[in-house]
There are 2 protein chains.
Amino acid sequence: MDIKGIAEEVCKKTGVETTGRDVEKVLSGLTSSSHFWEVVCTAREPFSVVAEVVEVLKRTRLVKVDEQGDIYFTPEGMKFLKSRGITPRKDYTCPACEGRGIGLEKLKELVQKFDEVTADRPKAIIDYDQGFVTTRTVVSRIALMADRGDLEGKKLLVLGDDDLVSIAAGLSGMPAEVVVMEIDDRLVEYINDKATKLGLPVKAIKYDFREKLPDEYVGYFDTFTTDPPETLEALEVCMGRGLTGLSGEGCAGYFGLTRTEASLKKWNLFQQMLVDKFKVAITDIIDDFNHYVNWDYLLGSIRDDYSFVQVKPRLNWYRSSMYRIETLSGFKGMENKSMPCELYIDQEALIYRPGQM
Amino acid sequence: MDIKGIAEEVCKKTGVETTGRDVEKVLSGLTSSSHFWEVVCTAREPFSVVAEVVEVLKRTRLVKVDEQGDIYFTPEGMKFLKSRGITPRKDYTCPACEGRGIGLEKLKELVQKFDEVTADRPKAIIDYDQGFVTTRTVVSRIALMADRGDLEGKKLLVLGDDDLVSIAAGLSGMPAEVVVMEIDDRLVEYINDKATKLGLPVKAIKYDFREKLPDEYVGYFDTFTTDPPETLEALEVCMGRGLTGLSGEGCAGYFGLTRTEASLKKWNLFQQMLVDKFKVAITDIIDDFNHYVNWDYLLGSIRDDYSFVQVKPRLNWYRSSMYRIETLSGFKGMENKSMPCELYIDQEALIYRPGQM
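Residues numbered from 1 in each chain as written. Chains lettered and ligands numbered in written order. Predicted model: local features only at pLDDT ≥ 70, side-chain atom pairs only at ≥ 80, totals over all residues. Heavy atoms only, no water.

**Focus on the relation of the copies chain B and chain A**
For clarity, the threshold we go by: Residues reaching a pLDDT of at least 70 in both copies supply the C-alpha atoms on which the copies are superposed by least squares. Contacts are assigned to residue pairs that have any heavy atoms within 4.5 Å of one another.
You can overlay chain B on chain A at an RMSD of 0.0 Å; the transform is a turn of 180 degrees with a shift of 0.0 Å along its axis. Such values leave the two copies arranged in the relation of a two-fold axis. Both copies share a contact surface, since 100% of the interface residues of chain B are interface residues in chain A too.

**Examining the domain arrangement of chain A**
Many authors give the size of an interface as the accessible area that is lost as the parts come together. Residue and element names in this part refer to chain A. Basically, it comes down to this: Domain extents, as shown, originate in an automatic or database domain assignment. Accessible area, probed at 1.4 Å, shrinks when two parts are joined; the buried area is that loss added up over both.
By the assigned domains, chain A splits into domain 1 (3-83) and domain 2 (105-327). Summarising the inter-unit geometry, the C-alpha centres of domain 1 and domain 2 are found 31 Å apart. Contacts between domain 1 and domain 2 engage 24 residues on the former and 21 residues on the latter. Roughly 2000 Å² is buried in total at the junction of domain 1 and domain 2, and carbon and sulfur atoms are behind 62% of that figure. Ranking the residues of domain 1 by area buried against domain 2 places H35, W37 and R44 at the top, with a combined share of 35%.

**Here's the deal with the packing of helix α8 (residues 165-172) of chain B against helix α9 (residues 185-198) of chain B**
Residue and element names in this part refer to chain B. Worth spelling out the cut-off: Lines are fitted to the C-alpha atoms to define the axes, a helix being fitted only along its stretch in contact, and any angle between axes, read from their N-to-C directions, falls within 0 to 180 degrees. Think of it this way: any DSSP run of H or I at least four residues long counts as a helix, any run of E at least two long counts as a strand, and we number them from the N terminus. Any angle that falls under 35 degrees is termed roughly parallel, while one over 145 is termed roughly antiparallel, one within 65 to 115 roughly perpendicular, and all others oblique. When the near helix sits turned anticlockwise from the far one by under a right angle, the crossing is termed left-handed; a clockwise turn instead gives a right-handed crossing. As a working rule, the residues Ala, Val, Leu, Ile, Met, Phe, Trp, Tyr, Cys and Pro are called nonpolar, Asp, Glu, Lys and Arg charged, and the rest polar, with Gly in that last group.
Relative to each other, α8 and α9 sit at 10 degrees, their axes nearing to 10 Å. Classified by the angle their axes make, α8 and α9 are roughly parallel. For the pair α8 and α9, the crossing hand works out as right-handed. On α9, the residues touching S166, I167 and L171 of α8 are Y190, I191, K194 and L198. For the contact of α8 with α9, the per-class residue count stands at five nonpolar, one polar and one charged.

**Structural notes on the interface of chain B and chain A**
The condition is simple: By definition, a salt bridge exists where a carboxyl oxygen of Asp or Glu is found within 4 Å of a side-chain nitrogen of Lys or Arg. N or O atoms within 3.5 Å of each other form a polar contact, as long as, within protein, one can give a hydrogen and the other can take it, and as long as residues adjacent in sequence are counted only when both atoms are side-chain atoms.
At the interface, 60 residues of chain B touch 60 residues of chain A. At the boundary of chain B with chain A, total buried surface from both sides reaches about 4900 Å², with 46% on carbon and sulfur atoms. It is R21(B), Y92(B) and D147(B) that lose the most area in chain B upon contact with chain A, and together they represent 16% of the buried surface on that side. Applying the counting criterion to the chain B and chain A interface returns 16 salt bridges. With a shortest N-O distance of 3.7 Å, R44(A) and D147(B) are connected by a salt bridge. One can count 35 residue pairs in polar contact (both at pLDDT 80 or more) joining chain B with chain A. Ranked by residue count, the leading element in the side of chain B that touches chain A is helix α11 (residues 264-277) of chain B, at eight residues.

**Some words on the side chain of T118(B)**
Residues and elements named next belong to chain B. With respect to the helices, strands and loops of the structure, T118 is situated in the loop between α6 (108-117) and α7 (135-147). Reaching out from T118, the side chain makes a polar contact with the backbone oxygen of F114 at a distance of 2.7 Å. Other than its neighbours up to four places away in sequence, T118 contacts L164, I167 and Y190.

**Regarding the pattern of salt bridges**
For clarity, the threshold we go by: Each residue gets one of three labels from its accessible area relative to the maximum for its type: buried under 20%, exposed over 50%, partly exposed in between, using a 1.4 Å probe on protein chains only.
Applying the stated criterion across every chain, the model contains 70 salt bridges over all chains. Residues E152(B) and K90(A) are paired through a salt bridge, measuring 3.4 Å at the closest nitrogen-oxygen approach. Here K90(A) lies in the loop between α5 (75-83) and α6 (108-117) and E152(B) lies in the loop between α7 and β3 (155-159), a pairing that spans two chains. R141(B) is the partner of D163(B) in a salt bridge, and the nearest nitrogen-oxygen pair spans 3.0 Å. On the criterion of sequence distance, the pair formed by D163(B) in the loop between β3 and α8 and R141(B) in helix α7 is long-range, its members being 22 residues apart. Neither residue differs from the other here; D163(B) and R141(B) are each classed as buried. Among the ionic contacts, a cluster of salt bridges with common partners joins R21(A), E24(A), K25(A), R259(A), D150(B), K154(B), R324(B) and E326(B).

**Side note on the environment of G242(A)**
All names here are of chain A. Here G242 is to be found in helix α10 (residues 232-244). On the accessibility criterion, G242 (0% relative accessible area) is buried. In this structure, the C-alpha to C-alpha distance between G242 and F221, residues 21 residues apart in sequence, is 9.1 Å.

**Description of the packing of α7(B) against α8(B)**
Packed helices, taken two at a time, are described by the angle their axes make and the gap between the axes. Residues and elements named next belong to chain B. Where α7 meets α8, the closest approach of the two axes is 9 Å, and the angle between their N-to-C directions is 55 degrees. The orientation of α7 relative to α8 falls into the category oblique. The handedness of the crossing between α7 and α8 is right-handed. Judged by residue contacts, V138, R141, I142 and M145 of α7 engage V165, A168, A169 and S172 from α8. Its residues assigned to classes, the contact of α7 with α8 comprises six nonpolar, one polar and one charged.

**Looking at the nonpolar core**
Residue and element names in this part refer to chain A. Put simply, the rule reads: Note on terminology: a nonpolar core comprises buried Ala, Val, Leu, Ile, Met, Phe, Trp, Tyr and Cys residues joined through side-chain atoms within 4.5 Å.
F36 and W37 are the most contacted members of the largest nonpolar core, which has 86 residues in total. At eight residues, helix α4 (residues 47-59) tops the list of elements feeding residues into this core. A domain split of this core shows at least three residues from each of domain 1 (3-83) and domain 2 (105-327). In contact with F36, not counting residues within four places along its chain, are F47, V50, A51, I71, F308 and V309.

**What about the pairing of strand β4 (residues 177-182) of chain A?**
All names here are of chain A. Definition in use: Strand pairing requires that DSSP identify at least two bridges connecting the strands. The path from the first strand over the helix to the second decides the hand: if it runs clockwise while the strands point away from the viewer, the crossover is right-handed.
Of all six residues in β4, five are buried, a share of seventy percent or more. With five bridges connecting them, strand β3 (residues 155-159) and β4 associate as parallel partners. Bridged to L156 within β4 is V178. Taking the sense of rotation as the criterion, the β-α-β connection linking β3, helix α8 (residues 165-172) and β4 turns out right-handed. Of the pairings in the sheet, the one linking β4 to strand β5 (residues 202-206) comprises five bridges and is parallel in character.

**Considerations on helix α3 (residues 36-43) of chain A**
All names here are of chain A. Among the eight residues in α3, six count as buried, and that is most of the element. Residues F36, W37, V39, V40, C41 and A43 constitute the buried set of α3. Packing partners of the buried residues in α3 comprise α2 (20-32), α4, β2 (71-73), α12 (298-301) and β9 (319-327). Where α3 ends, the next residue or the one after it, R44, has phi of about 55 degrees, a positive value.

**Here's the deal with the packing of aromatic side chains**
Residue and element names in this part refer to chain A. Formally: What counts as a ring pair is set by centres within 6.5 Å for rings of Phe, Tyr and Trp (its six-membered ring), and what kind of pair is set by the plane angle: stacked under 30 degrees, edge-to-face over 60, tilted for all other angles.
Taken as a whole and judged by the stated rule, the model has 36 aromatic pairs over all chains. On the basis of an interplanar angle of 50 degrees and a centroid distance of 6.2 Å, the ring pair of W295 and Y297 is categorised as tilted. When sorted by exposure, W295 lands in the same class as Y297, which is buried. Grouped by ring-pair contacts, the aromatic residues F36, W37, F47, Y292, W295, Y297, Y306, F308, W317 and Y318 constitute a single cluster.

Structure below.
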C-alpha cells in the first residue's frame, strides 16, 4: 500500500479529510518516537487520524506494537520509509521559552506564587472536559496579554477557568478587574475563596456559555480569554459570547485551538467565521503555546480498541495553538440570547462518547 | 482633546481607520521610548498613524520634539497619560529567540556560513522596495520550515529573494531543489553564481510575479516562501502565484506581513482572501518574526514634513509577522495568466510616491 492509499483508508475510517502529507507527518513522527502520545503531539494531526494510520501500518506489518504499547518499524517498514524519503522530524523549538516566544525571566515570582497559591486546586473532571495547562503556560498567557497591551489597567473576562488564569492575572497586579464565568461550582467557589483571601480584583460567577451573557457584562470588557470546546458550533457560541462582552473596536480575545481535536479543514471553517462573520483580525497564532498537564481520566474516556492508544502518556502531549484576535470597527458579537449547541461530540473529538461515530 | 478625538483626527488625515486603542498603543510606546522608529516598531500600528498621532500630540503641546528629533512628553502630556491610565509597554519577548519560538543552537554553523558566503551581497535598492532580513531571521525561517516538515527532501519555490533564503536553504543541505523567481537581475546573477560555486541545488530565474508562472513550474513545488508587497492587489497576485506553484493539498506557504504598512483592517480583508477564496488554513502567525536590516534609502523615500520622522533609525525597527498557510483539498491558486497590479501605492505604504495620498 502506498501513502496515498493509507490516506484514503484513514479518511474512510475516520471521516476526517486526510492527505498524503498528513500520513507523512505521522510516519515522520514515528521515526522519532515509539510512543503513541508523542507522535500525536509532534505530528499535529487529529487523534483519530494518528490512531488509524498506526493501525493500518500495523495491519500491513510496516510497524509492530510491543507489550508496552510501543510502536516500532519492522525491517519492511524501514524500507518503506526509505523509498518514500521519510525522514525524522526536525525539532527547532526554542528551549528557553518552549516555543512560545515569551520570556518569563521578569515573572519568576509570579510563577512561584501561582504554584503556591493553587497547590490545592480542584482536580480536572470529565463532566466538563476539563484539563488544565501548566504553570509556565498560564504565566505565559499573562505575559502575552500584557505584552500586547491587553491586560494592564484593563477589564478581563475569563470564560471558563479550570486553568485559573484569573488567579494568575490577579496575582500579577496588572488588570483593573477580572470576571470569571464558569460552569463548575467547585471552581466558582475556589476562585472566589482565593480572591477574597488574597485580596485580588477577581470575581467568579456561575455561568453556562449556552445561556445569554448577564446584561451588565454586555460590552463591558477590554479583553476576553477562553479555552473553547472544539466543535464548530461550540466555537461559534463561545467566540460570540466573548465578543459580546467586549466594549468596542480595538479590543482583544485570546483562546486555544488544537490540531488534535480540530483538523485543518475545521481550522479553515473556523477562521472563515472569525474574519467574515465576526469581523475580527487574527493577529497571532502561536503553535504549541498551551501545554496541558495530563489528566487522570484520559484512558478511561477514549477508544479502547487499539492497544497502542491505551498507554499512559509519558509527556504533556496535549497542546494547543494560542490565537489572539482583535476587534475592528463594525465587528459583531452575537445576539444575546440562550443558544443550545453541541459542545463535545464530533468526528474529531478525543473523548469517545457512545454513538459518536 | 481626548483620545477618541485624536483617533478621529488621525483617521481623517491618514485615511486609515484608527481606534482609541490604536492611539493608546502609540502613547504607550512613547512612554517607553523617545525615538520615533522604536515607537513605530513597538506600537504595531501603521507608519502614517504613528506619525499623525505624534504630530497631533505635538500640536496640542502634549509632547515636544527636540533638535535630534526625539519626542518627549511635556508636563501637560504626563498629566494626560496619568489621567487616561496609559502605562509603559510591557515587553516579555523571549531574549533567546527574539520571540520567534525557534532555537538556533543546532544551526550555529549555518548562521556563520551564511554570513561568510553572503558578505558580498547586493545592496537593497528602492526600485523594487528592497530591504533584507537579518541573518538570524533568515536562518530561523529555514528552521521553521524544517520544523514543520516543509523543507527536508522538498522542492522549494522562493518568490523574490533579496533575503537570500535560497542560499540559506541550499547551505542547510535539506531541500531537494530550490527555485528562485526574482525580478532583479543583480540577484538572479548573484544567487546563480553562489549556487554554482558552492554546488547548491538552487537555481534563480528572472521573473516578475505579475507575469504568468512558467508552465513547467505550475503544480511543481511542495513549499513556497515570499515577502510580498502589501497592497491588497499585490498580496492576492503573490499568494495566487505561490499557490499555483504548489503540487496539491497538504503543501505550505510562508510569507511576512507587517503592521507598519498594513492596518488590521487590511489584515482582515487579506485573511478573508486566504481562507475563503484560496481555501487554505492559516496555521501560524508569529509576531515580529522577521527583522529587517536598516536600508540606506529610507529617509530619502519617506515623507519629509515631520522632523521626528526624518531621523536615522537606532534599531532594526522594521519587522513583520510570519504567516504559514497550508493547502486543503479543493484549495485554489489562480488562473495562470499575466495580471497587472498595483504593487506599492496605497494609503498605508511607507514609501512616499508623488500623488499617493
